[in-house]
Amino acid sequence: MSKQANGKLVYRFGDGKADGEAGMRNLLGGKGANLAEMANLGLPVPPGFTITTEVCTGYYKNGRTYPQSLSADVDAALAEVGRIVGSSFGDAENPLLVSVRSGARASMPGMMDTVLNLGLNDATVEGLAKRAKDRRFAYDSYRRFIHMYSDVVLGIEHHQFEDILGEYKDEKALGLDTALTAEDWLKVIARYKACVEKATGKPFPLDVKEQLWGAIGAVFQSWMSARAKTYRRLHNIPEDWGTAVTVQAMVFGNLGDTSATGVAFTRNPSTGAHELYGEFLVNAQGEDVVAGIRTPQSITEAARIESGSKTPSLEKLMPETFAELTQTFARLEKHYRDMQDMEFTIQSGKLWMLQTRSGKRTAKAALKIAVDLSKEGLISKEEAVKRIDPGSLDQLLHPTLDPNAKREIIGQGLPASPGAASGEIVFDSDEAEKLKGEGRNVILVRVETSPEDIHGMHAAEGILTTRGGMTSHAAVVARGMGKPCVSGAGNIRVDYRQATLSAMGSVLKKGDIVTIDGSTGQVMKGAVPTIKPELSGDFAIIMEWADAARRMKVRTNAETPLDARAAREFGAEGIGLCRTEHMFFEADRIVAMREMILASSEKGRRAALAKILPMQRNDFIELFEIMAGLPVTIRLLDPPLHEFLPHGEAEIAEVAMALAVSPESLRARVAELHEFNPMLGHRGVRLAVSYPEIAEMQARAIFEAAAEVGRKTGTPPIPEVMIPLVATKSEFDIVRERIVAIADEVQQEMQAKLDYLVGTMIELPRAALRAGDIAQTAEFFSFGTNDLTQTTFGISRDDSARFLGEYTAKGVIKTDPFVSLDIEGVGELVEIAASRGKATRPQIKLGICGEHGGDPASIRFCERVGLDYVSCSPFRVPIARLAAAQAALSNDG
């Protein structure tokens with residue numbers, strides 16, 4: 001960024017050269033950097049300039065003011081743009097018109113503001129009309145500018161202008177916008193201006209410089225809009241990145257039937273297929289394609305035929321331009337070595353490239369594209385692995401519609417984002433968010449979505465729109481979120497007032513269930529059954545390449561056979577955390593558990609535990625068999641005993657009867673075990689010290705199961721017995737001694753040789769600091785980062801939701817420490833424990849088993865610290881495998 005330090009605020013591009021290049025996206029934003037790169041490649045890019053992201057961050061730091069020299073720099077750059085295109089900004093005879101667009105370093109489709117046709121006023125519109133020899137086009141451009149500028153810069157609701165235009169068309173009995181003449185547009189413009197004056201108390205600004213600075217300010221301010229903040233929070237984009245502003249000479253797709261505008265992808269962003277994919281509109285401007293106001297046409301003839309459209313494709317309509325376009329697209333993909341998402345305009349038969357960026361894609365498409373690019377020799381296998389967002393795999397690990405299930409199809413739209421979802425119909429984004437908070441699944445149904453719907457789209461299981469194409473706002477945002485989406489379902493009528501959806505003779509109300517299939521575009525009445533995902537093909541190839549690249553093992557957190565089998569299918573290499581308390585809550589065991597807790601002597605407790613022993617042993621036999629020789633870490637009983645007892649009066653009476661004890665004695669035992677802060681109370685190792693018989697029963701169940709499985713299979717498992725919540729070496733040693741004694745007894749009784757490890761969970765700061773001592777007798781450490789985060793911050797995870805959202809919003813912390821590991825604090829304790837543990841016992845096994853084990857950012861930290869494995873929930877195993885590979889590749893390179 002040395003150029004910025006030297007005072008460079010504005011970077012120019014155009015005429016086959018540029019000040020910037022693709023590597024400067026942090027400074028110029030993705031849009032500005034890629035426009036500079038395309039200009040340097042000699043592609044047809046309208047000239048312009050980019051105001052850097054650092055001006056944006058400075059704007060907010062300095063009370064929304066600009067650097068002193070910025071005005072002069074903008075004037076000079078604007079004059080250069082005018083020189084290249086042969087016109088002048090504000091010149092009534094030969095006016096230069098510009099677009100003003102945002103461009104952050106991370107793509108944020110639809111989140112930020114854009115203004116087109118800037119520089120038009122009552123005088124320059126006549127100059128444009130003369131130059132274009134088309135008054136209708138000039139006044140159409142002018143009304144678009146007033147509408148867009150008033151919405152983006154002056155804050156006047158978009159629908160007010162839509163209503164004015166709709167009323168005028170009704171008065172004149174005109175159907176399409178294209179039917180309006182120049183005189184019609186003059187009358188509409190007069191009404192637009194009256195609307196602006198009424199709303200703001202001031203006339204619409206006709207000074208072109210005032211217009212320009214208003215638009216630049218609006219783009220910077222849109223960085224802090226509610227929708228942009230929501231998008232950043234959902235995609236972990238830091239606020240201090242800021243946005244750049246790109247000002248660019250206008251080219252016009254609305255200059256008649258030899259002009260057009262479009263959006264295209266070099267590969268299919270839904271499937272990844274190597275085929276040109278996109279849409280365009282004749283005689284239109286760029287916003288028309290993505291806004292969903294008109295239904296666009298297919299670029300290729302093949303896509304037109306597939307969609308059943310009667311309107312001609314670009315390939316048929318403008319074959320020479322189509323050929324130039326396909327060559328340009330291929331060149332850009334080869335240059336960037338990735339699938340590109342491009343915007344283009346054809347002005348009177350001449351092609352102009354307005355943008356290129358790496359295209360948003362579904363997880364399925366990302367896998368296919370990465371594998372294909374590697375096979376085509378454009379990227380290496382390692383690069384292919386690094387290209388996949390681990391979190392996006394979540395889209396592939398969940399069910400899809402059962403192809404054999406009965407479907408009552410009521411509508412057909414475009415397959416805008418794959419996957420299937422069922423839920424209650426909801427027509428409002430705020431309500432979608434509210435119902436999601438109540439644990440209900442909803443399908444957001446809109447005529448078309450806008451950036452204001454981002455929170456509702458995030459809350460919904462899927463999105464259905466009746467307007468818009470494959471590149472509409474709904475489609476792009478849904479693909480980025482991994483949500484199923486059906487767009488442009490034209491046969492469905494939505495009535496917001498009545499809160500109904502009508503299609504094919506059916507009228508569905510808010511709250512009725514629908515199913516959408518984003519892979520086929522089908523809309524169905526009711527819920528449709530689903531099937532498990534098929535984890536083969538490109539997914540399996542990427543996973544194979546990832547497994548070859550990673551160093552760390554990936555285990556799962558599982559205590560049920562169902563979870564253990566699912567995790568094995570997902571590639572888990574053992575169990576990193578088996579929470580045995582979950583096994584005690586089952587109906588046939590809870591009675592014996594309660595008997596044990598109510599027993600007044602050790603003898604009574606042992607008698608109750610003897611009933612649980614065979615059940616626990618069978619649990620472990622099944623897990624050991626599923627894991628077939630892979631390591632299984634079993635945590636001894638962790639929660640406090642009162643969690644197993646009833647609490648309400650009715651439940652106490654019912655349980656007392658079942659146990660043949662008086663309600664009073666049960667109530668007294670509940671009161672005796674009550675704790676003010678059970679998370680820090682009589683639990684974990686403390687229970688095992690007080691009631692060694694519990695740990696002994698569990699150890700016996702583990703070792704007898706291991707001996708039994710070893711005898712049956714010939715491959716004895718290696719159980720890892722984990723003592724939870726240890727703070728001191730002495731308490732660990734007391735319990736370890738009992739475990740070893742039981743192991744010796746079982747080996748003798750069953751004439752079996754057992755290999756096993758005894759270790760601890762590091763979940764207290766004291767244990768992390770004294771890890772060197774504890775490692776003298778502990779053979780492994782598993783970092784329980786959920787509790788370690790609670791005890792380090794002094795925050796209860798169950799109560800933190802009340803204020804952590806506010807903390808992240810106010811910038812107190814960047815991310816929720818229960819979602820992504822706090823590397824500075826909790827991470828330092830993990831590093832200290834790992835380092836001191838290894839110093840005492842160089843071969844100590846180290847792993848992590850909190851939910852952080854499935855978080856890619858936390859996994860990168862685990863790789864850096866040198867942990868041996870991460871453990872996470874079954875469905876996050878593939879995510880962890882990929883993230884571990886990426887972490888290893890980053891460390892190597």
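Note that the structure is a prediction, hence the values are computed from the model and not measured. (Residues numbered from 1 in each chain as written. Predicted model: local features only at pLDDT ≥ 70, side-chain atom pairs only at ≥ 80, totals over all residues. Heavy atoms only, no water.)

## Regarding the overall build of the protein
Stage number 1. The helix and strand inventory of the protein stands at 36 helices and 34 strands.
Stage number 2. The C-alpha atoms of the protein give a radius of gyration of 32 Å, which matches the 29 Å a tight globule of 893 residues would have.
Stage number 3. Across its three principal axes, the protein shows a C-alpha extent of roughly 105 × 65 × 55 Å.
Stage number 4. Classification of the 893 residues of the protein by burial places 56% in the buried group.
Stage number 5. At a minimum sequence separation of 6, the contacts of the protein that also span at least 24 residues come to 68%.
Stage number 6. By element, 50% of the accessible surface of the protein is carried by carbon and sulfur atoms, the whole surface being about 36,600 Å².
Stage number 7. Averaging the locations of the 103 positively and 118 negatively charged side chains of the protein gives two centres separated by 2 Å. (Helix = DSSP H or I, 4+ residues; strand = E, 2+ residues; numbered from the N terminus. Rg over C-alpha atoms; globule rule 2.2 N^0.38 Å. Buried < 20%, exposed > 50% of the residue type's maximum accessible area, 1.4 Å probe, protein only. Contact = heavy atoms within 4.5 Å. Areas by Shrake-Rupley, 256 points an atom, 1.4 Å probe, with all protein chains shown as cover. Lys, Arg positive; Asp, Glu negative; His and termini not counted. Charge placed at Lys NZ, Arg CZ, Asp CG, Glu CD.)

## Remarks on the sheet that holds strand 6 (residues 98–104)
Stage number 1. Taken in spatial order, the 6 strands of this open sheet run 2-1-3-8-6-7, and their pairing is antiparallel. Edge positions in the sheet fall to strand 2 (17–18) and strand 7 (114–118), since each has one partner strand and no second.
Stage number 2. As defined by bridge partners, strand 1 (residues 10–14) adjoins strand 2 across 2 bridges and the pair is classed as antiparallel. Bridge pairing links G14 to K17 in strand 2. (Pairing = 2+ DSSP bridges.)

## Comments concerning the pairing of strand 34 (residues 869–872)
Stage number 1. Side chains of strand 34 alternate between two faces, with Y869 and S871 and V870 and C872 buried alike.
Stage number 2. Relative to strand 34, strand 27 (residues 553–557) runs parallel, the two being bridged by 4 bridges. The partner of T556 across the bridge, within strand 34, is C872.
Stage number 3. Two elements, strand 33 (residues 845–848) and strand 34, share 2 bridges in a ladder whose sense is parallel. By the bridge assignment for strand 34, G847 is matched with Y869.
Stage number 4. Considered for its hand, the β-α-β crossover made up of strand 33, helix 35 (residues 856–865) and strand 34 is right-handed. (Right-handed = clockwise from strand over helix to strand, strands pointing away.)

## Some points on the packing of helix 25 (residues 649–659) against helix 26 (residues 663–673)
Angle between the axes and distance between the axes are the two parameters that describe a pair of packed helices.
Stage number 1. In the contact formed by helix 25 and helix 26, the axes pass within 9 Å of each other and the chain directions differ by 120°. For the element pair helix 25 / helix 26, the angle class is oblique. By crossing handedness, the relation of helix 25 to helix 26 is classed as right-handed. Residues E649, I652, V655 and A656 of helix 25 form the contact with helix 26, whose own contacting residues are P663, L666 and R667.
Stage number 2. Its residues assigned to classes, the contact of helix 25 with helix 26 shows 5 nonpolar, no polar and 2 charged. (Axes fitted to C-alpha atoms, helices over the stretch in contact; angles between N-to-C directions. Parallel < 35°, antiparallel > 145°, perpendicular 65-115°, else oblique. Left-handed = near helix turned anticlockwise from the far one by under 90°. Nonpolar A, V, L, I, M, F, W, Y, C, P; charged D, E, K, R; others polar.)

## Here we look at the sheet that holds strand 11 (residues 297–298)
Stage number 1. On the basis of which strands lie adjacent, the open sheet formed by 5 strands has the order 11-10-9-12-13 and antiparallel pairing. Among the strands making up the open sheet, the edge pair consists of strand 11 and strand 13 (350–358).
Stage number 2. Against the sheet, helix 14 (residues 319–336) makes contact with strand 9 (260–265), strand 12 (340–347) and strand 13, and its axis sits at roughly 30° relative to strand 13, the strand it touches most.

## Describing the state of the cysteines
Stage number 1. Overall, the coordinates contain 0 disulfides when judged by the stated rule.
Stage number 2. The closest cysteine sulfur to the non-disulfide-bonded C862 is located on C849, 11 Å from its own sulfur. (Disulfide = S-S within 2.5 Å.)

## Comments concerning the side chain of S506
Stage number 1. Relative to the assigned elements, S506 resides in strand 23 (residues 506–509).
Stage number 2. Taking relative accessible area as the criterion, S506 reaches 13% and is therefore assigned buried.
Stage number 3. Setting aside residues up to four positions removed in sequence, S506 forms contacts with I410, L501 and K525.

## A closer look at the packing of aromatic side chains
Stage number 1. Going through the model one piece at a time under the given rule, you end up with 16 aromatic pairs.
Stage number 2. Seen in terms of ring centroids, F265 and Y277 are 5.8 Å apart; in terms of plane orientation they differ by 75°. Their pairing is edge-to-face. Remark: Y277 occurs in strand 10 (residues 277–282) and F265 occurs in strand 9; sequence separation between them is 12 residues.
Stage number 3. In this structure, K8 is placed above the aromatic ring of Y11, and the distance from its NZ or CZ to the ring centre is 5.1 Å.
Stage number 4. Cation over ring: R555 sits above Y869, and NZ or CZ is 3.8 Å from the ring centre. (Phe/Tyr/Trp six-rings, centres within 6.5 Å; stacked < 30°, edge-to-face > 60°. Lys NZ or Arg CZ within 6 Å of the ring centre and 35° of its normal.)

## Regarding the environment of T321
Stage number 1. By the secondary structure assignment, T321 is in helix 14.
Stage number 2. Here T321 is in contact with I346, G349 and L351, once residues within four sequence places are set aside.

## What about the pattern of salt bridges?
Stage number 1. All chains considered together, the criterion is met by 63 salt bridges.
Stage number 2. The residue E559 makes a salt bridge to R579 at a minimum N-O spacing of 3.5 Å. Taken together, the residues E559 in the loop between strand 27 and helix 21 (561–569) and R579 in strand 28 (residues 575–579) connect sequence positions 20 residues apart.
Stage number 3. Taking the relative accessible area as the measure of exposure, E559 reaches 11% and is therefore buried.
Stage number 4. For R579, a relative accessible area of 19% puts it in the buried group.
Stage number 5. Two residues, E704 and R617, come together in a salt bridge whose shortest N-O distance is 2.5 Å. Here E704 is found in helix 28 (residues 692–713), whereas its partner R617 is found in helix 24 (residues 602–627), with 87 residues between them in sequence. (Salt bridge = Lys/Arg side-chain N within 4 Å of Asp/Glu carboxyl O.)

## Topic: unusual backbone geometry
Note: most peptide bonds trans; most residues except glycine with negative phi.
Stage number 1. Even without glycine at this site, A660 takes up a positive phi of about 60°.
Stage number 2. Along the polypeptide, A660 turns up in the loop between helix 25 and helix 26.
Stage number 3. With relative accessibility at 70%, the residue A660 sits in the exposed group.
Stage number 4. The phi dihedral of Q751 falls on the positive side, at around 50°, and the residue is not glycine.

## Topic: helix 28
Stage number 1. The first and last C-alpha atoms of helix 28 sit 31 Å apart over 22 residues, in line with the 32 Å expected at 1.5 Å per residue.
Stage number 2. With 17 of its 22 residues buried, helix 28 lies for the most part within the structure.
Stage number 3. Looking one or two places after helix 28, you find G714, whose phi comes out positive at around 80°. (Expected span 1.5 Å × (residues − 1).)

## Here's the deal with a negative patch on the surface
Stage number 1. A cluster of acidic side chains, namely E162, D163, E167 and D170, defines a negative patch on the protein surface.
Stage number 2. The topology assignment puts E162 in helix 7 (residues 158–171).
Stage number 3. Take E162: its relative accessible area is 33%, and that puts it in the partly exposed class. (Patch = residues over 30% accessible without salt bridge, like charges linked within 9 Å, V, L, I, M, F, W, Y side chains within 5 Å.)

## Structural notes on the packing of helix 7 against helix 8 (residues 182–200)
Stage number 1. Contact geometry of helix 7 with helix 8 gives a least axis separation of 10 Å together with a crossing angle of 145°. The way helix 7 lies across helix 8 gives a crossing that is right-handed. Taken together, the residues of helix 8 that come into contact with helix 7 (itself represented by Q160, F161, I164, L165, Y168 and E171) are D184, W185, K187, V188, R191, Y192, C195 and V196.
Stage number 2. Taken together, the residues of the contact of helix 7 with helix 8 break down into 9 nonpolar, 1 polar and 4 charged.

## Considering helix 2 (residues 25–40)
Stage number 1. End to end, helix 2 covers just 15 Å across 16 residues, shorter than the expected 22 Å (1.5 Å per residue, more than 12% under).
Stage number 2. K31 marks where helix 2 bends most, by close to 80°.
Stage number 3. For helix 2, the buried fraction is high: 13 of the 16 residues fall into the buried class.
Stage number 4. The positive-phi residue at the C-terminal boundary of helix 2 is G42, with phi of around 80°. (Bend = angle between axes of the 7 residues up to and from the residue.)

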